[in-house]
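Spelled out, the chains give:
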Amino acid sequence: MADLAVIRLPAGHGIPPVQFADPAALSTGSEVFLIGFPAETESFPQPTISSGVISRFREWSLAGLSYVQTDAAITGGQSGGALVSDHGAVVGLSGFKFADTFGLALAAPIVDERAHALIDGTSVDAFSDRRFSGDATSGPLTFDLANYYDQRAFVVRGPVGTSVSVTVSSDNDAALDVYDATGVYLTTADTTVGGEERVDFEIDFDVPFIVVANQFDIGPGAFEISGSPGLARFADADDGRRLGRGVFAGNIDYPADIDMYEIDLIDGETITVRVESLNIDPDVTLDSADNADESLAYDDDSAGGLFGTDAEFTFTAPTAGRYLIVVTDVRFTDVGAYYLVIE
């Protein structure tokens, strides 16, 4: 949820550690400095320093995260930089900016606590391993899609310059979309109503590439996919989870990921569904699997939140049955964790 990672430095690196300090000891209006490396192409660049003040403190209660709001300029490359006091102590880790007007930095005590948890192997947000792993095969691989929202993701790796060709076939109306792991959309294939679709692209960057297979049919269908140099299945831990009322942690694992949950409701039962995140701009849909018309419920930004992007709606089931709750990133580009709350 906090969008943190820990890296290991080699022994004998000689880099002195910085001093962390609690920003709560500072008052609103205190001067702070943001240090980072925006728009850099040099191997050993000089850091960029911008200054501002602490505007206020903010809390993401559900995640237990505290943030320092500052008007110090955050630009691309300063995300993940150090927010320091006028005494040089790190009081936060920058991560987000809002409409170029203010930025949020995760409070240093939270950074310290979560970094140690990551080092110790503790899962602070109850997530399973979400890395792109698995053995690649040139196929063919078979899979079923249950409905319009269902999809499968496959990971392609290879040296830069590798030519990739992926083909999917089905009696249903299949489609393919290709993204790289940084969120860049590459290409799509949807030229037939039923039969075969094919995409061709080149690996131009040393990152995983994600091929997403989906369909435009409402009903279930069987699919076969194959690729050269090879495809590895990605098992999405969120898809198909049966939920009740409560708080659940989910993750948009790759660009254009559609997380599809199931919930059983009785006739006339009312629920409120909310999605909170700082990593994505979430939207949430409630529907039945066989509904060919407009979805039964949908929202993008009604719940507000720190950036006003959380989604929420209230729904009353017209009939008893199993319903789908679908979470996506509204831009289909960002990835990251979220909370799904059902009350």
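Residues numbered from 1 in each chain as written. Predicted model: local features only at pLDDT ≥ 70, side-chain atom pairs only at ≥ 80, totals over all residues. Heavy atoms only, no water.

**So, the sheet that holds strand 21 (residues 297-299)**
As summarised here, the arrangement of the five strands in space is 16-18-23-20-21, forming an open sheet in which the pairing is mixed. Two strands close off the open sheet at either side, each with one partner strand: strand 16 (242-243) and strand 21. As defined by bridge partners, strand 16 adjoins strand 18 (residues 259-265) across two bridges and the pair is classed as parallel. Across the sheet, residue Arg242 finds its bridge partner in strand 18, namely Glu262. (Pairing = 2+ DSSP bridges. Helix = DSSP H or I, 4+ residues; strand = E, 2+ residues; numbered from the N terminus.)

**Things to note about the environment of Leu145**
When you line up the elements, Leu145 lands in strand 7 (residues 141-145). Residue contacts for Leu145: discarding those within four places in its chain leaves Asp150, Gln151, Arg152, Ala213, Asn214, Gln215, Gly219, Pro220, Gly221 and Phe223. (Contact = heavy atoms within 4.5 Å.)

**Details of unusual backbone geometry**
A cis geometry characterises the amide bond from Ser228 onward to Pro229, with omega recorded as 20 degrees. Looking at the element boundaries, Pro229 is found in the loop between strand 14 (221-228) and strand 15 (232-234). Even without glycine at this site, Ala256 takes up a positive phi of about 70 degrees. Within the element layout of this structure, Ala256 appears in the loop between strand 17 (246-252) and strand 18. Non-glycine residue Phe332 carries a positive phi angle of around 60 degrees.

**Describing the sheet that holds strand 24 (residues 336-342)**
Across the sheet, four strands lie side by side as 17-24-19-22; this open sheet has antiparallel pairing. With one partner strand each, in any of the chains shown, strand 17 and strand 22 (311-316) form the two edges of the open sheet. Strand-to-strand twist across the sheet, computed as the mean angle between neighbouring axes with direction ignored, equals 20 degrees. With seven bridges connecting them, strand 17 and strand 24 associate as antiparallel partners. Directly across from Val247, in strand 24, lies its bridge partner Val341. (Axes fitted to C-alpha atoms, helices over the stretch in contact; angles between N-to-C directions.)

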